[in-house]
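Working through the structure, step by step
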Amino acid sequence: MPRMPLHPAVGTGKINPFAKKVIRFVRYGCTNRPFYHIVVMEAYKGQRQPPTEQLGSYDSRVNVHNERLVAFNFERIRYWLGRGAQPTKSVAELLGLAGFFPIHPRSYMTAWRHRRLNDKQAAQAKDAEEESKEASQTS
Amino acid sequence: MFSKKFNLIILTPNKYEMKAIVRYEQFILCENMLRVTKLIGSSTLITGNLVSCECAATNSLYSQIIRWKRKPIWLPTAKSKMFRVPVKPVIPKEDNDELQRLSNIYRTYMRSLRKYMIMIGKKNEIQFDHSVVEAAEAADFEKCSAINNEWNEEIADIRKYRLHKERTQRDVGNWWRMKNYKEMLAENQEKVEEEVRSVKKQAESFITAENIDQAIEEALTIVIDHNAAIDHDGNFYKGEYSDTKIDIKQERQLKQ
């Protein structure tokens, strides 16, 4: 079933001047294959409502080159931030990684958690190796 | 062809995972495919969410996964989940402190950045105001137009010189062409006059209404003998032999 009425993905350009604006993801793609548009729209509107403007896109799945592709229209993002639009946490994180914003604390947190997990796994592997060595020596 | 009632084991994959034995009662046979239309003895949770193209074979051993619908908001908490206490994430104090520190810095940065963006936006609003932009465009147009006029004048001079040159060349060419044409006309006139003169010369011997009687008289009186002969050596004999008249009637009779 198509969404009725269909709107252009790049945005309708319609603005409610009194409403709070937000820069956020809209999930396109399909089941088990997410693809996001980065849009600016009124905060009260639903995810799949016609956006005011599309500001970029984000493919959260890695491609064959092990890359996650993201596109931003920085000029318009700057404009909308100047108009008082608030980016959501996930968009702010992405913009931080892009170098437009300071790095989000959550990015640091995930990084150190991954680091810790890796260290733990490495230590476990090392222990297992040593144990196996000891077992072989005693036998 | 197939039994109308049999049991089917349904395994559901999500958090409402459970094994349910459901009795199927009604099937529709459609191109070797059985479509489940109704499930008897099951709740509305199942029936609303069955995928219509999913196949259910006649074999009762065949088990099939059916996705369950989400619990509607108006249904109460499930009995099994009634006294479940959700596990809260434990964040170490060091991490928490670090996160707080980072967040404080981040918030300060973001606040200043946002203010800067807003300031730039306001500046742009003044800078790129419609009237200002229009005035700037008008000034720019004036400037461009002045330059264009200058260029136009330069090009007009060049064009004037070129056109003058072309015109003089054309005039000279025309003069020559006219001269040749006149010469050609004179030649033609001369030719025609020559022809007229020759014709006039011939016209003296023409038979007209005045001298026709005389001409007839002459033609009747003066008989010209056109008979001539030639021998093997190529000698012509003209007027040497008298005119021989043949009686046509006599000849015919002789032939008969």
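Basis of the calculations
Residues numbered from 1 in each chain as written. Chains lettered and ligands numbered in written order. Predicted model: local features only at pLDDT ≥ 70, side-chain atom pairs only at ≥ 80, totals over all residues. UniProt positions renumbered as here; feature names shortened; annotations may be inferred. Helix = DSSP H or I, 4+ residues; strand = E, 2+ residues; numbered from the N terminus. Contact = placed C-beta atoms within 7 Å. Buried ≥ 20, exposed ≤ 12 C-beta atoms within 10 Å, placed from the backbone. Nonpolar A, V, L, I, M, F, W, Y, C, P; charged D, E, K, R; others polar. Pairing = 2+ DSSP bridges. pLDDT = per-residue confidence, 0-100.

For chain B, the name recorded in an unreviewed UniProt entry is Small ribosomal subunit protein mS26, with Cephus cinctus as its organism. Reading the Sequence similarities (unreviewed entry) entry of the UniProt record for chain B gives the comment "Belongs to the mitochondrion-specific ribosomal protein mS26 family." UniProt, in its Subcellular location (unreviewed entry) section for chain B, records the words "Mitochondrion".

Looking up chain A in an unreviewed UniProt entry gives the name Small ribosomal subunit protein bS16m, with the organism given as Cephus cinctus. Per UniProt, chain A has the following entry under Sequence similarities (unreviewed entry): "Belongs to the bacterial ribosomal protein bS16 family." Turning to chain A, the UniProt record has this under Subcellular location (unreviewed entry): "Mitochondrion".

**Here's the deal with the overall build of chain B**
On a plain count of helices and strands, chain B comes out with five helices and six strands. Each helix and strand of chain B, ordered N terminal to C terminal, gives the series β-β-β-α-β-α-α-α-β-β-α. Of the contacts formed within chain B by residues at least 6 apart in sequence, a portion of 27% connects residues at least 24 apart.

**Considering the overall build of chain A**
Scanning chain A from N- to C-terminus turns up three helices and five strands. The N-to-C order of helical and strand elements in chain A reads β-β-β-β-α-β-α-α. When burial is assessed residue by residue, chain A has 20% of its 139 residues classed as buried. Of the contacts made within chain A by residues no fewer than 6 positions apart, 42% connect residues no fewer than 24 positions apart.

**Remarks on the interface of chain A and chain B**
Residue-level contacts link 12 residues of chain A with 12 residues of chain B. Of all the elements in the fold, those that place two or more residues in the side of chain A that touches chain B are α1 (74-82) and α3 (105-138) of chain A. Of the residues contributing to the side of chain A that touches chain B, the split by class is seven nonpolar, three polar and two charged.

**What about the sheet that holds strand β4 (residues 70-72) of chain A?**
All names here are of chain A. Strand order in the open sheet formed by five strands is β4-β3-β2-β1-β5, with mixed pairing between adjacent strands. The outermost strands of the open sheet, each flanked by one partner alone, are β4 and β5 (86-87). Relative to strand β3 (residues 53-58), strand β2 (residues 33-42) runs antiparallel, the two sharing five bridges. Note on β3: the bridge partner recorded for V40 is E53.

**Some points on the confidence of the model for chain B**
All names here are of chain B. On average, residues of chain B carry a pLDDT of 79, and 69% of them reach 70 or more. Of all helices and strands in chain B, the one with the weakest mean pLDDT is strand β2 (residues 19-30) (40), whereas helix α3 (residues 130-202) scores best (96). Every residue in residues 1-40 scores below 50 in pLDDT, and together they form 61 contacts with partners more than four places removed in sequence or on other chains. Below pLDDT 50 for its whole length, residues 47-57 participates in 20 contacts with residues either more than four positions away or in separate chains. Scored by ipTM, the complex comes to 0.89, with pTM at 0.54.

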